[in-house]
Amino acid sequence: MPESAANEKMAVPAPLPIHHRNAAADLRKMRRIITEDYSWSLAIVPLLTDLCLQHIVKNFEHKPILDKLLPKHRVKVLDTLSTSLPLQVTANLISYEEYWRRCCAEHWPICDVSRYGSSWKRLFFERHLENLIERFIPDVTEIRTICEAAELSKEYVKRLDIQQLLPPVKVEMKKEEEVDEVSDEGSEVGGDLPSMDHFDFNLIANSLCGLEELHLVYGVKGCGMNFEWNLFRFTERDCGLLADTFKTFRNLKVFRLHRSKVDDDKARVLIRSLLDHPSLVHLDLSHNQISDRGARAVGKLLNQSQLQILNLCNNNVGPHGAKAIAHALSKNCTLNTLNLRLNHIGDEGGQALSNALLKNSTLVTLYLGGATSCLNPQRLSWHRSSPRT
């Protein structure tokens, strides 16, 4: 047989066309590269436990289930819950601190939990309520929102530090050409007055009976080019409403009202309501406009209260007011710190206080910097090394 014919019989047949090939028989086409398959997982079927926990998390707002779970499952649910859940659902149900830490971090970038008894839950509820009050505009903001928040916060809020209180929105009145027309419309204008000058704390007082500290500023921070003196007014109506709250805040230990233009009349109204307060130990009325009449009321308060710290820094207290405070100080046995810096007590008032110290045995620290010229300017404060017995 010729060599060419033999080679033709032993030749391999030509490959089939692509559309006639069997893909299952080609190992190169059947290989599976796991790193390229993003849906691949060892857990082909999720555990039933995980499916149940996912369902609980997804429907937590409408059907919260927590107490009946095992501890390890409860932690897993709490670590997965959204921080945007309504407070009506989470306030009294969740005490897990890590959840409230996540809520705080979501709202405020800087949080010092040590100022809140190392409790993230207390930090969240106090700052949340403070923000609502600071943004409240009379007759514009919905009051019910703040009342509901206060009711939910009543077990956790111990201190409120309000840095601003907004006044009502200024309504522009049309100028009338005729004076008679203005007087005729006076009764109608009176009906358009706002219901309150600033936020009324009586609205939430019953919900916060356990409040221990209250810090207030009746003014607007960051007003910028919109500055007006009316933005920094503590009105008579504000004063009366605030004085009424002391009847409910019976556990209040610290009250601070500063930078609010509190004059003698308003100070006397506030102090009158504090005379029989059972818990107040720290009163701060610094940076106001209190003069001698207000100082005499403060002296009466020293005789009838258990105050331990009194701050009247940067007011208008004169020699007569200093004498009234000195007279009360000579009989007082509870006050340990008195701050009268930046007042106008003069030499006469300074001498009266010095004489009172001869009889007083409990005062430890007295600040008189910038208040009198009878003392060495370099000695702006006086400290008793140890109380006399």
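As recorded in an unreviewed UniProt entry, the protein chain goes by T-complex-associated-testis-expressed 1 and comes from Staurois parvus. Listed under Subcellular location (unreviewed entry) in UniProt, the entry text for the protein chain is "Cytoplasm, Cytoskeleton".

Account for the side chain of Asn288, with residues named and values stated.
The residue Asn288 is located in the loop between strand 4 (282–284) and helix 14 (292–304) in this model. Look at Asn288 and you get buried, because its relative accessible area is 7%. Of the polar contacts made by the side chain of Asn288, one reaches the backbone nitrogen of Val262; its length is 3.1 Å. Leave out the neighbours within four places in its chain, and Asn288 touches Leu257, His258, Arg259, Ser260, Lys261, Val262, Asn314 and Asn315.

So what's going on with the packing of helix 6 (residues 97–107) against helix 7 (residues 120–134)? Which residues, and what values?
The geometry of helix 6 relative to helix 7 is characterised by a closest axis approach of 8 Å and an angle of 35° between their N-to-C directions. Here helix 6 runs over helix 7; the crossing is left-handed. From helix 6, Glu97, Trp100, Arg101, Cys103, Cys104 and His107 reach across to helix 7, where they touch Trp120, Lys121, Leu123, Phe124 and Phe125. Partitioning the contact of helix 6 with helix 7 into residue classes produces 7 nonpolar, 1 polar and 3 charged.

Can you tell me about the pattern of salt bridges, naming the residues and giving the values?
Evaluation of the coordinates by the stated rule reveals 11 salt bridges. Here Lys76 and Asp50 are joined by a salt bridge, their closest N and O atoms 3.1 Å apart. Of this pair, Lys76 sits in helix 4 (residues 71–80) while Asp50 sits in helix 3 (residues 48–58); the two residues are 26 residues apart in sequence, bridging distant segments of the chain. With relative accessibility at 43%, the residue Lys76 sits in the partly exposed group. Note on Asp50: relative accessible area 25%, which makes it partly exposed.

Can you break down the packing of aromatic side chains residue by residue, with the values?
For the structure shown, the criterion picks out 12 aromatic pairs. When the centroid spacing of 5.1 Å and the interplanar angle of 85° are considered together, the rings of Phe199 and Phe201 count as edge-to-face. The exposure classification of Phe199 matches that of Phe201, with both residues buried. One aromatic cluster in this structure is built from Tyr99, Trp100, Trp108, Phe124, Phe125 and Tyr156. Sitting over the face of the ring of Tyr116, Arg159 holds its NZ or CZ atom 5.1 Å from the ring centroid.

Give a detailed account of a positive patch on the surface, specifying residues and quantitative values.
A cluster of like positive charges, contributed by Arg268, Arg272, Arg296 and Lys300, occupies part of the molecular surface. Counting only elements with at least two residues in the positive patch, the list comes to helix 13 (264–274) and helix 14. Turning to its location among the elements, Arg296 is positioned in helix 14.

Which residues make up the pairing of strand 3 (residues 254–257), and what values do they have?
By the bridge criterion, 4 bridges tie strand 2 (residues 213–216) to strand 3 in an arrangement that is parallel. Across the sheet, the residue bridging to Glu213 is Val254, located in strand 3. What joins strand 2 to strand 3 is helix 12 (residues 236–245), and the crossover it makes is right-handed. Judged from the 3 bridges that link them, strand 3 and strand 4 form a sheet pairing that is parallel. The residue of strand 4 that forms the bridge with Phe255 is Leu283. With respect to chirality, the unit in which strand 3 leads through helix 13 into the neighbouring parallel strand 4 is right-handed.

Thresholds, definitions, all that
- Residues numbered from 1 in each chain as written.
- Predicted model: local features only at pLDDT ≥ 70, side-chain atom pairs only at ≥ 80, totals over all residues.
- Heavy atoms only, no water.
- UniProt positions renumbered as here; feature names shortened; annotations may be inferred.
- Helix = DSSP H or I, 4+ residues; strand = E, 2+ residues; numbered from the N terminus.
- Buried < 20%, exposed > 50% of the residue type's maximum accessible area, 1.4 Å probe, protein only.
- Polar contact = N/O pair within 3.5 Å; in protein donor to acceptor, adjacent residues only side chain to side chain.
- Contact = heavy atoms within 4.5 Å.
- Axes fitted to C-alpha atoms, helices over the stretch in contact; angles between N-to-C directions.
- Left-handed = near helix turned anticlockwise from the far one by under 90°.
- Nonpolar A, V, L, I, M, F, W, Y, C, P; charged D, E, K, R; others polar.
- Salt bridge = Lys/Arg side-chain N within 4 Å of Asp/Glu carboxyl O.
- Phe/Tyr/Trp six-rings, centres within 6.5 Å; stacked < 30°, edge-to-face > 60°.
- Lys NZ or Arg CZ within 6 Å of the ring centre and 35° of its normal.
- Patch = residues over 30% accessible without salt bridge, like charges linked within 9 Å, V, L, I, M, F, W, Y side chains within 5 Å.
- Areas by Shrake-Rupley, 256 points an atom, 1.4 Å probe, with all protein chains shown as cover.
- Lys, Arg positive; Asp, Glu negative; His and termini not counted.
- Charge placed at Lys NZ, Arg CZ, Asp CG, Glu CD.
- Pairing = 2+ DSSP bridges.
- Right-handed = clockwise from strand over helix to strand, strands pointing away.

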